[in-house]
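Architecture at a glance
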Amino acid sequence: MEQFKQAARILRTLRENGFEAYFVGGSVRDYLLQRPIGDIDIATAALPEEVMRLFPKHVPVGLQHGTVVVLQEGIPYEVTTFRTEAGYEDFRRPSEVVFVRSLTEDLKRRDFTMNAIAMREDGTIVDPFCGRQALERRLIETVGQADERFQEDALRMMRGIRFVSTLDFTLCPRTETAIRTHRHLLQHIAVERMAVEFTKLLLGPAVSQALQLLVQTKLHEHLPLLEQKGEELLEAAGHNWAGIQTETEAWALIIWMAKADAEDVCRQWKLPNRRLKEILEVLRVLQQRLNQPLSAYLLYQAGEETAMMAERLLAAVKGTAPDAESIRRLYKQLPMHSRQDMQVTGRDILSWSDKPAGPWVADCLAAAEREIVSGSLVNEKERIKGWLKQCNLL
Ligand SMILES: Nc1ccn([C@@H]2O[C@H](COP(=O)(O)OP(=O)(O)OP(=O)(O)O)[C@@H](O)[C@H]2O)c(=O)n1
Ligand SMILES: [Mg+2]
């Protein structure tokens, strides 16, 4: 409630100036579920110009949609004028919004009843679509006709299944049927928006149910590179995802299970390059770990964090318990953690030999590095020199 108290000042200012204003959306839902709340969204009868006039510290981020970001003590709040959406085009978010002065009109065009609850600053609730009842029953049901809601914004179908995963709720049968019927509309949705929902889905506590639902509703037929992976997704649903912690692990696991190409997946889903790099790295370590125990050298190369991620993936794939503690211990005990820790440089090696500079220097460094990390060579200048000589590498 502490977060709402801060934001309540915005509601009060609006109300004192004659405009209705409420907390709405995910923060109210999560508050009622006693879950940690994310961003606080505010809906008001005030028009964007009126909001901007009342709050000098603002950012006009989405004026065409009626949204003004109001900054208060450095925290941004999205303040959106009550609106209903007219002129839907291409089953995406509307190109045109119509501002209305009634809260109910606004709530009526929201996706699910649990997301269509409004709260005043004193904690009283306005809930014309019985969202609280849905929360009690742990049910995801659309506001009004599911067909209309999904035609307005087809991403809502993904959101529905994402909430199954993150909240461990059930889709009400009408909503599930409507997803099956309208699944093809997903093709109109920008892949970036789908990726946001899919990532949240993969990281939710009920990811197995959600993956099964994706296949049952055939919504997976419209997910890039997973269109024909129903069997694999169902198999993935059978694994234990409980240990999976990061976005990289989640994507790596689904790519692994779908026997898909990581680069293709990241390109088609427009995931950032940084993510692809991490996925490739963690899959490489996983591949090795499937056949061999974690060696000091593999741990050194991978780094602690990647090795940890691979360990959790291995646990999910094999159904074993991840052993974070021994990895942490092994990592601490490594004789060195990076090239910088090595007691010789390329310059040293050159000075010990008559040979001209060339790729052989890097080979020497790499060979000594592997030997040190594996514990068979002490990381001291003279020892390293002796070892290189002994191996005829100088
Ligand atoms: N396609 C969408 C997206 C959002 N909303 C409405 O806008 C609110 C805020 O949207 P958003 O922040 O994207 O989702 P949340 O429901 O808040 O979920 P999260 O907790 O993940 O932010 C939702 O609760 C819902 O009322 C909607 O009706 N249709
Ligand atoms: Mg939100």
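Located above this text is the structure these notes cover.
The shown structure was predicted, so the numbers you read here are calculated from the model rather than taken from an experiment.

**Concerning the site of ligand 1**
- Around ligand 1 sit Gly 25, Gly 26, Gly 38, Asp 41, Arg 110, Asp 111, Asn 115, Ala 116, Asp 153, Leu 155, Arg 156 and Arg 159, and those are all the residues in its vicinity.
- In terms of residue count, helix H7 (residues 155–167) provides more of the shell around ligand 1 than any other element does, three residues in total.
- Here the residues of the shell around ligand 1 sort into two nonpolar, four polar and six charged.

**As for the nonpolar core**
- With 100 residues, the main nonpolar core has Ile 42, Ala 118, Ala 252, Leu 253, Ile 254, Ile 255 and Val 282 as its most contacted residues.
- Here this core takes eight residues from helix H12 (residues 247–257), the largest share from any one element.
- With near-sequence residues (within four places) excluded, Leu 253 lies in contact with Ile 244, Leu 313 and Ala 316.

**What to know about the pairing of strand S5 (residues 75–81)**
- Bridge count for strand S2 (residues 41–44) against S5 is four bridges, and the pairing is parallel. Paired with Asp 41 across the two strands is Glu 78, which belongs to S5.
- Bridge count for strand S4 (residues 67–72) against S5 is six bridges, and the pairing is antiparallel. Each residue of the ladder has a partner; that of Gln 72, found in S5, is Ile 75.
- Turn length for the S4-S5 hairpin, with the two strands adjacent in sequence and antiparallel, is two residues, and the turn residue Glu 73 shows positive phi of about 50°.

Criteria and thresholds
- Residues numbered from 1 in each chain as written.
- Chains lettered and ligands numbered in written order.
- Predicted model: local features only at pLDDT ≥ 70, side-chain atom pairs only at ≥ 80, totals over all residues.
- Near = placed C-beta within 6 Å.
- Helix = DSSP H or I, 4+ residues; strand = E, 2+ residues; numbered from the N terminus.
- Nonpolar A, V, L, I, M, F, W, Y, C, P; charged D, E, K, R; others polar.
- Core = buried A, V, L, I, M, F, W, Y, C linked by C-beta atoms within 7 Å.
- Buried ≥ 20, exposed ≤ 12 C-beta atoms within 10 Å, placed from the backbone.
- Contact = placed C-beta atoms within 7 Å.
- Pairing = 2+ DSSP bridges.

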